[in-house]
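Close look at the chain arrangement
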Amino acid sequence: MEYVNDAVAGMAKTWRNKDTTKTMTLEEIKYFGNLALQVPSKQSNKYFEVVAISNQDVITSLYEISAPPDSDGKSANILKNSQIFGSMILVYVTCPLDLGYQQGPADTKISIPYLENAEDNDDEITCDTHQAIGISAGTVAYEANRQGFVTGFCRCYESQKALDIIHKHVGSESNISNNLDKHWPELILSIGYPKFAHRHKHQHLNSMYKEHKKTKRILHIVT
């Protein structure tokens, strides 16, 4: 596939290895973390929390409860998912829906019909949550690759153990619980520097991940 720009080419396939000896500045960590929070969401509602982690011990603990996709065959039984590694990671944790402040005549919140009975709208909220996370993670990954970093997306980990790790380390000032009914670690986006030229090589084992070929995509143009 011929990519239209280098940033898209960089983010289009996950880097499975990164050089964890190379660090990022606090300013860079805050930049990507705040970028993740400032992108659009439906009606400016809050659908997720973002946890920015650069502590390599914490990142390694998340790596230890990860696994490659089952399609990687026998290697999935012995390899952990090294795309989690990075100089920093962003963990997207879903949270109870927090409606955006709607500017009205009396500066009060305006009723939103499709959310009046949240119990009957779980599918709608889930869809909006996934959309919001996708927009955010895609924006951050694009910007990171534009700046010369490499990125990876990962969802292959044990959710409860991941949430326990996050809850333990975010500190008492955070509202993130270790209850999956309230908070769910939906996605990990890693950002860093490549360790090897080949994006599919595992940085800790003499192994290569199976490459997943992109399916053919068709652009439909209406003028």
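Residues numbered from 1 in each chain as written. Predicted model: local features only at pLDDT ≥ 70, side-chain atom pairs only at ≥ 80, totals over all residues. Heavy atoms only, no water.

**Describing the sheet that holds strand S3 (residues 150-154)**
The strands that make up a sheet pair up through hydrogen bonds in the backbone, lying either parallel or antiparallel. If you trace the four strands from one edge of the open sheet to the other, you get S1-S2-S4-S3, paired in antiparallel fashion. With partners counted over all chains shown, the strands left at the sheet margins are strand S1 (46-53) and S3, one partner each. Neighbour-to-neighbour, the strand axes of this sheet turn through a mean angle of 25 degrees, independent of strand direction. Seen against the sheet, helix H6 (residues 159-170) touches S1, strand S2 (88-98) and strand S4 (184-192) and runs at an angle of roughly 70 degrees to S4. (Pairing = 2+ DSSP bridges. Helix = DSSP H or I, 4+ residues; strand = E, 2+ residues; numbered from the N terminus. Axes fitted to C-alpha atoms, helices over the stretch in contact; angles between N-to-C directions. Contact = heavy atoms within 4.5 Å.)

**Some points on the side chain of Asp19**
Within the secondary structure, Asp19 is located in the loop between helix H1 (6-11) and helix H2 (26-38). Comment: no salt bridge for buried Asp19; closest opposite-charge side chain is Lys195, at 4.4 Å. The residues touching Asp19, leaving out its near neighbours within four places in the chain, are Ser87, Tyr193, Pro194 and Lys195. (Buried < 20%, exposed > 50% of the residue type's maximum accessible area, 1.4 Å probe, protein only. Lys, Arg positive; Asp, Glu negative; His and termini not counted. Salt bridge = Lys/Arg side-chain N within 4 Å of Asp/Glu carboxyl O.)

**As for the packing of aromatic side chains**
By the definition in use, this model includes five aromatic pairs. Ring centres 5.3 Å apart and planes at 70 degrees place the aromatic pair Tyr31 and Phe32 in the edge-to-face group. Taking the relative accessible area as the measure of exposure, Tyr31 reaches 38% and is therefore partly exposed. Judged by relative accessible area, which is 0%, Phe32 ranks as buried. (Phe/Tyr/Trp six-rings, centres within 6.5 Å; stacked < 30°, edge-to-face > 60°.)

**Some words on the pairing of S1**
Within S1, six of the eight residues are buried, which leaves it mostly tucked inside the rest of the structure. Bridge count for S1 against S2 is seven bridges, and the pairing is antiparallel. Note that in S2 the partner of Phe48 across the bridge is Thr94.

**Considering the confidence of the model for the chain**
Considering every residue of the chain, the mean pLDDT works out to 87; 87% of them sit at 70 or more. At the low end of the mean pLDDT range in the chain sits helix H4 (residues 75-78), at 58; at the high end sits H2, at 98. (pLDDT = per-residue confidence, 0-100.)

**Looking at the pairing of S4**
Among the nine residues that make up S4, eight are buried, leaving the element largely enclosed by the rest of the structure. Pairing between S2 and S4: seven bridges, direction antiparallel. Note that in S4 the partner of Val91 across the bridge is Ile188. Across five bridges, the pairing between S3 and S4 is antiparallel. Pairing of Phe153 across the sheet is with Leu189, part of S4.

**Focus: the packing of helix H3 (residues 56-63) against H6**
At a closest axis distance of 9 Å, the pairing of H3 and H6 adopts a crossing angle of 165 degrees. Taken together, the axis directions place H3 and H6 in an arrangement best described as roughly antiparallel. The interaxial crossing formed by H3 with H6 has right-handed handedness. Touching Val58, Ser61 and Leu62 of H3 are Ala162, Ile165 and His169, all from H6. (Parallel < 35°, antiparallel > 145°, perpendicular 65-115°, else oblique. Left-handed = near helix turned anticlockwise from the far one by under 90°.)

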